[in-house]
Structure formats: structure tokens, C-alpha cells
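Below, each chain spelled out in residue letters.
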Amino acid sequence: MSITEGWVGRKVKRVEDPKILVGRGRYADDVTPSRCLHAAFVRSPVAHAVIKSVDVEAARRATGVAAVFTAADLNEICRSWKGLLDWPGLVSGDQRPLATGKTRYVGEPVAIVVAASRALAEDALELVTIDYAELGPVVDSIAALDEDAPKVHDELPSNLAFEMTFGSGDVEQAFANAAAVVETGVSTARHTAVAMEPRGVVAEFDPSARTLTIRLSTQAPHMLQSAFAEILGLRENNIRIITEEVGGAFGMKAHVYPDEVATCAASILLGRPVKWIQDRLESLQSDTQARDERVVAALAVAQDGQILGLKAEVVSDGGAYSVYPRSMVTEGIQVATIMPGPYRIPVYKGHLRVAITNKAPLAVYRGVGHPVAILAMETLLDEAARRLSIDPAEIRRRNLIRPDELPYTSVTGHVYDSGSHQESLETLLGMLEITPERKAEAAARGRLLGVGLACFVEVTAPGVAFYGARGAPITAHDQVEVRVEPDGSVTVLLGTPGQGQGLHTTAAQVVADHLGVPFERINVISGDTTVVPHGTGVWASRSAVVSSGAAASAAREVKERMLAIAGHMLEVDPSDLEVSDGDVRVVGAPTVHIGIDDIAEVAHWRTHRLPPELRIGLSVVGEYSGPNVTFNNGAHAAVVEVDTDSGLVHLIDYACVEDCGVLINPDIVDGQIRGGVAQGVGGALYERLYYDENGQLLTSTLLDYLLPTAPELPDVRIAHIETPSPVTMLGVKGAGEAGAAGAPAAVHNAVNDALSSVGARVWHQPITPERVVRALDEAAGLTWPEPPGTPGLPSFTEGP
């Protein structure tokens, strides 16, 4: 059976959904072991302070309290950690389960109270007395880089965590030769994943066996098994991590968190289960955050719009710590290296600095730098088009990589093995229906209509060079076990858990094709490190490439073993056999066949009927590493109406074209794209974690931290181009982050297209009504005082 005629490519309903829809999914908070205690954390109310003393005696005497631990207690059994990777010059302070010596951001855990219930633990929190000697906080990333700025970590020479220059070629000469040079400065607000299921952990230590079972809402169980073993001084095979359902993660649940380590340490010290489930306030304060980037970029173009050169200055706010293991620099590095995108850019210089500040740590989040990089590049192209009086689509058409140029090596060294850059743009333009009459109709209602484009590439399924070669416990490969049971049904053990992407469904589709069994006979299991083979986790749009590749590899080997057994049973050469729909048939003689259930019964219970040289085990662990990296590509368009009185932006249409190679399940891919677009729109128009000058988080509830909801989002119209990757086993590319990557630029350009008719622009995200009205007034000659918290932008420097 060929792959294109089988289960791969079908819109199969997700097998994960029924139990979740009827409330039978099991999340971390659904499990409470016997004798379980509950934890709550005292968190720092100040951004930067010396901890002079911690008095916990009154809390220890409170009703129902089993223990109160401070840094002094947990540091005796926990090692410190920091995520440095192997980037030259990257520095960070040590991180520990509880703040030690100083607090460095609001929400950092300082003490843990363990009691008979969460309510009793929270009551006892009020009895913990901490004497803080407040220090001047460092909140602004650019100010943090000043020589006289207060140091967040006293042991470091400054607040500069990392600095590097990317790209190649004589940029200054390219700019000297340009017919026009355009410059933009953009900033994106710090925001976070806001997963439906907050983080949670149930730790159960068995003192007699020295084993630790951890139920955890995570996207990387095996990675955390290794990390927790090292931090807590246990052997890896004494730690079991169970992750059944994950109610959203988006990169935020792929790190070592101090409160999760502290909960495990409390269970070890007490010899009893300890449970901690995060509330929303804690989530907004202490989950890793993202998108806190400021970029100044300039583009040199010829008179016909051809790009001659690009340069960029990027300042990334890394927060207080470099998280383990992915570090605080990955987002900034992606901003600097992805910016050239799908365009023929001959020379480029991107200078990156990552600052340490008194905010929660910055780390990876869906898209990881792509939204910011694409925003900078696409706003530059629109400005160049206006300067040269060229249509925005035409300037892209003239600079996009052509089919005959693939594979293409970008100026930052990325190799685009395949793609449909020109075709995607043309397909997208065919989906738009914007007429002068439509703009006039909007104007009659007091609204300005605008259309924004964004073309991009997305890094997916990065290989070992990305993390593993830099010292992180994150490998490039996955393992999947495929096992045929005695009745002919099939069990698939995935090394990676899902977080809502439908991994069980897609794995079953791949196995059904490569093994030749009906989809309905396959059961997929994941999320228990003592049961499933090794997997590196769910991140960077990698599962369709790597996990599915491993599943196909295992299925193929099991199939070979089945054919060998069937050949003996039918007395034919195995090469003359084929598997289809659960039967093994002789090619050219369809009436001669045997069921897989009959083969499985013999392989399990009737082995005396088989010759000793046959490999009869119908269970194989397959593995697949994939290429070093794959790239998908796409083109997005947003249509907005801007209300000139209120400044409100109404997103009225959204269309996108995606090329992520072979589609395993088109419905699942579309769901990923729509969800990503929603998050991208959120970043463009709504989401902002707002810290004041004292480092206090003012957006600490969902009343203040705005998220897009259904009424704010139009139906996302999606078209697909399938350009199979020549470097992956199944021709697939990742798809999970493309929507989030392209949407902020498309929406931003649409708003500026609308505002350009009156000579106005906005440069900061989110594009709030206040910022729109300010831009309109300033274009009309009115001046506003600069509001507090307006992001400053960096200046071009020579770099390190």
C-alpha cells in the first residue's frame, strides 16, 4: 500500500478527544495519593532585595502544617542549576529551589509551606515573616546594560548575559550603494503561554526504595527525569515521571522550575506525597515569559526594490535567570538569525545583546523568536515599498527565493532544503478580495481598512546541533515501540507526550500505513518514563518529523518480521508477500492470504511451529534522528478595520498559505495553524505582561492580561501547498508554530496599511487603542506626553 493511498493524508478524527470531551482525561490535579500533603509558596513581593531573615516558627505551629522549608533546608539536598548551553560568553547566576540570599523578581519562591490541605498551607503563608532589604530594581533591558546599572547577580561583572553578531558580507558597502535605505524600530511586549492547565506536580517519594514518582504537567518527561536526578542526587532509574494529559504548554512547560523542584524536595524530606497545583496569579508571575524584544533594523534597496543588505540591532530582556536547559538566549538568537527569512539577502549583520533584569525568566514560547524576526523584516519591506512606490506584494515577489534557487543557503547559514516561497505568495494573493469600494464602505463607517502581508520560513525539528551538542539534555532523536499483540491488535509506545496536538492520532496513522493494519486496531500510549522508550519531548514543531519517523521505522521492521513468519506459514518467499488491511497476501494471488492475528498467535503462543532462525518477536523499538533542521514556509494576510475615534483594531479577515510538506492529518494541521494564529493575534493586539518601574507585575489576573476570544477572531482561511521535504523520512516538516510566527507581522502591517492613508504608523506591540489614537493625533500635528512604560529602542552599535 503506498503512503499517499493509505491513512497518512486522511482527515481522521483525533482518538484523544472522546475521553477529554467527557471529562475522563487525567491531569496532574486529578491525582491525590493517600497520605498526600499540599504545598503553597511564599513568593517575593519585591523585585530585588536582600533576604535579611526568614522567620517560619509561627507558620510551623499553625493548624495542619507538616513543615515549612526555606532555602537553608532545601539547599542541603538540592544542587543549583543554570542554563548556559555552550554559547560563547553566556553567563547567568545560579538558580535554586528557593531564593537564596536575594530575591530577583516578583513571584520568586522564598519558602514552601506543606500542610494537610492547600487552604491550610495558604493560611500559614501569612505567618511567615521575611525581612527584605530592598534594592534598586533593573526593569528596562536597555538601561540594564548601562555600566552603572544595579547588578541583578552580584557575582557577575554586569547585566550583559550574552552578546554575539550574526551574518556575513560587507554591509556598510551595500548601504552605501543603495538607492534607498529604510529603518524601523519595533518592540514586542513580554507575554506568556497562559495554558488552560497551569503547571502542577504531585511528588511521591518512597524512602525504603529511594524512588521518586512525579506526576507532572510537562512536555519533556525524560529530560526532567535526567535533570531532577542530577539536582536531587538520585539515580535516573529511581525517578519515574508520569504525564498523562497536558492542558497546553507551548514551550513554557519544557524547563526546570524552582517550585517544582522544591515540591519534590519536600516529598523527599517528609517521606510523604506532596502536591502543588499552580493558581493563575502564580502562573502569570512565575511561568517563563517571552517576546520581550526590541529591534532596530535597516534595509538597503536598489531602485527596483531588490534588497542589497540588511542590518539589525536586537536587545532581548532575558529576565533574572537563564533557565535550564534551554537558556535565556534562544529567543534572541532566533530573532537575529531568522530575520532574513525567505528573501535573497546578500549581506547581513545582526547584533544581539541579552540583558539580565529583575523580571521572571524569559525562555522559549511558541514560535521562539520567529514572530519578532518576521515582524522586523516584513515592516521593513512595507516601508521600502512605500518609499519606492512599489506594491507591497510586488516587492516581496522580486526578492523571494525562486524555485530554481533551492536548496538555498541564507546569509545566516540556514539551508532551506525545499519550499514554495513564490507559489505561496501567489496563492495567498488569489485568496484576497480587497476592492476600492470595500475601503470606501469602511471609511463611511469611520474606519480605515488595511491589508497586511507576511512571508516567512520557520525552523522546525532542530537536530542535535541545536541543543544536545551544546551540553543540554535534549537529544535530536526519538524512540517509538511498535508491538503486535497476540490477537493482532497493535500497541504503540510513544517516547513523547502530547500537549493537545493529536500525537496519538498521527502516530497511529503512520503505523497503520507502514505496518499494513487498520487504524482502528492501534492503541497509542505515552507519558510514563518507566513504560515508554526514550523521547526528547514535544517542542519546536518536531513530532511530525522525528516521532513519526521513529514510528515508521519501528513499524517497518515489525512488518518484515511478520512477512518472514507468514512466508514460512504459507511456504512462499517473503518478498512475494504484501500486507494490506490486516491481511498478508501473496502478490498476484489474492485468495492466498493469512491474517495478522493468525501470525501474531503463532509468534506468541505457537512458536514450536516456526524454525529457530526466524526472529519471532513482534515488538521493535524504532528510532529516528532526522536532519539537523527542516524549514517550512508560508504566507499570511490580515485584513483589519481601524476605528479612528476609539483606536480599536478589528480583525475582519485572515488568510494563510502553509507549506509544511506531507500532511499526515490535514485537520490536525489546520487546528495547529488556527491556534497559532490566535496566539499571534493576541501578541499583536492584546497580550502584555506589564511591569512598572519597581518591577511589580500589574497584569496579574486575566482581568488585566488580555487574551483574544472568539468574537475577536475571524475564521482563518487556510490553503496548503505540499512540498515534500527531501531530507526527512516521510517528507513531512513541522507545522505547530507557523500560525504564531506569521500572524503578528501580518496584523501589524495591516494596521499600518490602514493608518498610512493619513500618514500614521505604530511600532510597538500590542497595538492598543491608545497607541493607535496617539499615532493618529501625532500624524495630525498633535503631541502627546510619552506614557510611562513606553519601550525605548536600541541604537546601532559596532557589536562585540
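Q: So what exactly am I meant to see when it comes to helix α7 (residues 221-232) here?
A: The periodicity of an α-helix, 3.6 residues per turn, causes residues three or four positions apart to be oriented the same way. The terminal C-alpha atoms of α7 lie 16 Å apart, and with 12 residues this matches the ideal 16 Å at 1.5 Å per residue to within 8%. With respect to burial, α7 is a largely interior element, 10 of its 12 residues being buried. Taken as a whole, α7 has its buried residues at P221, H222, M223, L224, Q225, A227, F228, A229, I231 and L232. On its buried face, α7 sits against β10 (211-216), β11 (239-242) and α8 (258-270).

Q: How should the sheet that holds strand β19 (residues 478-484) be read in this particular structure?
A: Whether parallel or antiparallel, the strands of a sheet pair through hydrogen bonds between backbone atoms. Read across the open sheet, the four strands follow the order β21-β20-β19-β25; overall the sheet is mixed. Each edge of the sheet is formed by a strand with only one pairing partner; in this case those strands are β21 (522-526) and β25 (619-624). Going from strand to strand, the sheet's axes swing by 20 degrees on average, the running direction of each strand aside.

Q: What should I look at first to understand the packing of aromatic side chains in this one?
A: Both the distance between ring centres and the angle between the ring planes are used here to describe each pair of aromatic rings. Overall, the coordinates contain seven aromatic pairs when judged by the stated rule. Here the aromatic rings of Y416 and F631 are separated by 4.8 Å at their centres, their planes lie at 70 degrees, and the arrangement is edge-to-face. With Y416 in strand β17 (residues 415-416) and F631 in strand β26 (residues 630-643), the pair connects residues that are 215 residues apart, well separated along the chain. Judged by relative accessible area, which is 1%, F631 ranks as buried. Feature note: the residues Y408, Y416 and F631 constitute an aromatic cluster, connected by ring pairs. Lying across the ring of F175, K311 places its NZ or CZ 4.8 Å from the centre. Above the ring of Y467, the side-chain terminus of R326 is found at 5.3 Å from the ring centroid.

Q: It is not clear to me how the pattern of salt bridges should be interpreted in this structure. Could you clarify?
A: A pair can form between side chains of opposite charge whenever their charged atoms are brought close. A full pass over the atoms with the stated rule returns 49 salt bridges. Put simply, K102 and D154 hold a salt bridge, and the shortest N to O gap is 3.3 Å. Placement of K102 in strand β4 (residues 102-103) and of D154 in the loop between α5 (141-144) and β7 (160-166) is noted, with a sequence separation of 52 residues between them. Of the residues examined, D154 reaches a relative accessible area of 48% and is grouped as partly exposed. E481 is paired through a salt bridge with R483; the nearest N and O atoms lie 3.9 Å apart. In this structure R483 comes out as partly exposed when scored by relative accessible area, which is 28%. Each of the salt bridges in this network shares a partner with another, and the network as a whole consists of R43, R118, E122, R199, D259, E260, D279, E282 and D287.

Q: Would you mind showing me how to read the pairing of strand β28 (residues 716-720) here?
A: Consecutive side chains along a regular strand alternate between the two faces of the sheet. Pairing of strand β27 (residues 649-659) with β28 involves five bridges; the strand directions are parallel. Note on β28: the bridge partner recorded for C656 is I718. Between the parallel pair β27 and β28, the chain is carried across by helix α18 (residues 666-685), and the sense of this crossover is right-handed.

Q: Explanation requested: the sheet that holds β28 in the structure shown.
A: Spatially, four strands are ordered β18-β26-β27-β28 in an open sheet, and the strand pairing comes out mixed. Where the open sheet ends on each side, the last strands, each with one partner, are β18 (447-460) and β28. Within the sheet, the average angular offset between the axes of one strand and its neighbour, ignoring direction, is 15 degrees. Two strands pair when backbone bridges link them, and β26 and β27 are joined in this way by 10 bridges, in the antiparallel orientation. Its bridge partner lying in β27, V639 is registered against D653.

Q: Honestly, the side chain of D659 in this entry has me stumped. Any pointers?
A: In this fold, D659 is placed in strand β27. Here D659 occupies a buried position and makes no salt bridge, while the nearest side chain of opposite charge, K733, is found at 4.1 Å. A distance of 2.7 Å separates the side chain of D659 from the side chain of S420, its partner in a polar contact. Of note is the side chain of D659, whose polar atom sits 2.5 Å from the side chain of T723. Non-local contacts of D659, meaning those with residues more than four positions away in its chain, are made with G419, S420, N632, N633, I721, E722, T723 and K733.

Q: Looking at this structure, I do not really get the pairing of strand β9 (residues 200-206). What am I missing?
A: Within β9, five of the seven residues are buried, which leaves the element mostly enclosed by the surrounding structure. Sheet topology places β9 next to strand β12 (residues 274-277); four bridges connect them, and they run antiparallel. The residue bridging G200 from the neighbouring strand is I277, located in β12. As paired strands, β9 and β10 are joined by six bridges and run antiparallel to one another. For A203, the partnering residue across the bridge sits in β10 and is I214. Here β9 hands over to β10 after four residues, with R210 in that stretch at a positive phi of 50 degrees.

Q: What should I look at first to understand the state of the cysteines in this one?
A: By definition, a disulfide links the sulfur atoms of two cysteine residues through a covalent bond. What the rule picks out here adds up to zero disulfides. The structure places no disulfide on C78, whose sulfur is separated from the nearest cysteine sulfur, that of C264, by 8.7 Å. Cysteine C660 shares no disulfide, and the gap to the nearest cysteine sulfur, in C656, comes to 10 Å. Owing to a relative accessible area of 4%, C660 belongs among the buried residues under this scheme.

Q: When you look at the packing of helix α10 (residues 330-338) against helix α11 (residues 370-388) in this model, what are you seeing that I'm missing?
A: The description of two packed helices rests on the angle between their axes and on the distance between the axes. Between α10 and α11, the least distance of the axes is 8 Å, while the angle of their chain directions is 30 degrees. In this structure, α10 meets α11 at a crossing whose hand is right-handed. On α11, the residues that touch Q334, V335 and I338 of α10 are H370, V372 and A373. Among the residues forming the contact of α10 with α11, the class breakdown is four nonpolar, two polar and no charged.

Q: Hey, could you run me through helix α19 (residues 738-756) in this one?
A: Across its 19 residues, α19 extends 27 Å between first and last C-alpha, which sits within 8% of the 27 Å expected from 1.5 Å per residue. Burial of α19 is extensive: 17 of the 19 residues sit out of reach of the surface.

Calculation criteria
Counting of residues starts from 1 at the beginning of each chain's written sequence and follows it residue by residue. Since the coordinates come from a predicted model, pLDDT governs what is reported: local features require at least 70, and pairs of side-chain atoms require 80 or more to be given and counted, while whole-chain, interface and lining totals use all residues. Computation of side-chain values: all heavy atoms of the structure, hydrogens and water removed. Strands are runs of DSSP state E lasting at least two residues, helices are runs of H or I lasting at least four, and both sets are numbered from the N terminus onward. To estimate the expected span of a helix, count its residues, drop one, and scale the result by 1.5 Å. Only protein chains enter the calculation, and the probe is 1.4 Å; a residue is then buried if its accessible area is under 20% of its type maximum, exposed if over 50%, and partly exposed in between. Should any heavy atoms of two residues lie within 4.5 Å, those residues are considered in contact. Two strands pair under a simple rule: DSSP has to find at least two bridges between them. Helix axes are fitted only over the stretch in contact, all axes being lines through C-alpha atoms; the angle between N-to-C directions runs from 0 to 180 degrees. Aromatic pairing here means that ring centres of Phe, Tyr or Trp (its six-membered ring) are within 6.5 Å. Orientation follows from the plane angle: under 30 degrees is stacked, over 60 is edge-to-face, and everything else is tilted. Either the NZ atom of lysine or the CZ atom of arginine qualifies as a charge over a ring when it sits within 6 Å of the ring centre and within 35 degrees of the ring normal. For this document, the term salt bridge refers to a Lys or Arg side-chain nitrogen within 4 Å of an Asp or Glu carboxyl oxygen. A crossover counts as right-handed when, viewed with the strands pointing away from the observer, the path leading from the first strand over the helix to the second turns clockwise. The charge count includes Lys and Arg as positive and Asp and Glu as negative, but it does not include His or the ends of the chains. We call two N or O atoms a polar contact when they sit within 3.5 Å, provided that within protein one can donate a hydrogen and the other can accept it, with sequence-adjacent residues counted only if both atoms are side-chain atoms. Disulfides are defined as cysteine sulfur pairs within 2.5 Å. By definition, any crossing whose near helix is turned counterclockwise from its far helix by less than a right angle is left-handed, and any crossing with a clockwise turn is right-handed. Throughout this entry, Asp, Glu, Lys and Arg are counted as charged residues, while Ala, Val, Leu, Ile, Met, Phe, Trp, Tyr, Cys and Pro are counted as nonpolar. The remaining residues, Gly among them, count as polar.

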